[in-house]
Structure formats: C-alpha cells, structure tokens
Amino acid sequence: QVQLVESGGGLVQAGGSLRLSCAASIRTFSSYVMGWFRQAPGKEREFVAAISWSGGRTYYGDSVKGRFTISRDNTKSTVYLQMNNLQPEDTAVYYCAVDLAEDLPGDMEWEYDYWGQGTQVTVSS
C-alpha cells in the first residue's frame, strides 16, 4: 500500500497563509498523480488541486484557483499545497491522495487510489 501523511494544518486568520505537506511512501512508481481534496462538515468532498509527479502539470479547482499552489519535491516524495489569502470558506479537513493509473491530474475522487488521514485547516474571520 501507499502511505500518505499530511501535515501543516492549523488555525489562521482570514487573509493568512498555510503550507500543507504530504509525504508519500511511493518508491516503485514513476508515473502517478498526487492531489488535494477537502471536506467541510456536512458537505461533499471537494477537489482542490493535483499535480503529475513526472511532468509537474497542475490542475486546480475553481474555488482555489489563483490563491493556492500545488508543488512537488521528487527527492522527498512530498507534495505541497501553498494556500494564500485564506478565507473562512476554506475551513475543512484537507486530504492528500494518489492516483497510480494516471499521467495527468484529475478532479474525480474515483481516480485516486490511496488517501491520507487528513489535516484540519481552520480559518477565522
């Protein structure tokens, strides 16, 4: 199995920034996609961003486009989510996920094979 561990969540004020990290145990796959989803209480899981591991192609959800940036560190097998200008509506549990069957990033939950435990992001007004 692929193990994913998120970190970097916390409490920030509106307009502030956070950087989430997701460390992956992937060793044998060279072509895959890692992404971020979020889920607020009582709401469906929402796509945030994704990146292809080899080429670095990115894809963002409309709600975060222009504010969030996804990136990767191949040497550390880690994906990052830089979140700027955070708003209360961004409050959610953020999950990282990996899609082992894709070369391009996608926004569908069913595309992703493994999920991390999530990290809480809370934005106060």
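Please read all numbers here as calculations on a predicted model, not as lab measurements.

Thresholds applied
- Residues numbered from 1 in each chain as written.
- Predicted model: local features only at pLDDT ≥ 70, side-chain atom pairs only at ≥ 80, totals over all residues.
- Heavy atoms only, no water.
- Helix = DSSP H or I, 4+ residues; strand = E, 2+ residues; numbered from the N terminus.
- Buried < 20%, exposed > 50% of the residue type's maximum accessible area, 1.4 Å probe, protein only.
- Salt bridge = Lys/Arg side-chain N within 4 Å of Asp/Glu carboxyl O.
- Pairing = 2+ DSSP bridges.
- Axes fitted to C-alpha atoms, helices over the stretch in contact; angles between N-to-C directions.

Enquirer: Looking at this model, I keep getting lost on unusual backbone geometry. Mind explaining?
Expert: The phi angle of most residues is negative, glycine excepted, and most peptide bonds adopt the trans form. In this model, Ser77 sits at a positive phi of 50°, which is unusual for a non-glycine residue. Within the secondary structure layout, Ser77 lies in the loop between β7 (68–73) and β8 (78–83). A positive phi angle, near 50°, is found at Asn85, a position not held by glycine. With respect to the helices and strands, Asn85 occurs in the loop between β8 and β9 (92–99). On the basis of relative accessibility, which here comes to 40%, the residue Asn85 falls in the partly exposed class.

Enquirer: Can you walk me through the pattern of salt bridges in this structure?
Expert: A side chain with one charge may pair with a side chain of the opposite charge, provided their charged atoms come close. In this structure the tally under the stated criterion is four salt bridges. With a closest N to O distance of 2.8 Å, Arg38 and Asp90 form a salt bridge. Highlighted residues: Arg38 in strand β4 (residues 33–39) and Asp90 in the loop between β8 and β9, separated in sequence by 52 residues. In this structure, Arg38 and Asp90 share a single accessibility class: buried. For Lys65, the salt bridge goes to Asp62, with nearest N and O atoms at 3.5 Å. Across the pair, exposure class does not vary: Lys65 and Asp62 are exposed alike.

Enquirer: I would appreciate a short explanation of the environment of Lys43 in the present structure.
Expert: Of note, Lys43 is situated in the loop between β4 and β5 (46–52). As for Lys43 and Ala92, which are separated by 49 residues in sequence, their C-alpha atoms are 9.5 Å apart.

Enquirer: Looking at this structure, I do not really get the sheet that holds strand β1 (residues 4–7). What am I missing?
Expert: Ordered in space as β1-β3-β8-β7, the four strands form an open sheet in which the pairing is antiparallel. With partners counted over all chains shown, the strands left at the sheet margins are β1 and β7, one partner each. Adjacent strand axes in the sheet meet at a mean angle of 15° when their direction is disregarded. Summarising the sheet, β7 and β8 pair through six bridges and their orientation is antiparallel. In the sheet register, Ser71 faces β8, and the bridge partner there is Tyr80.

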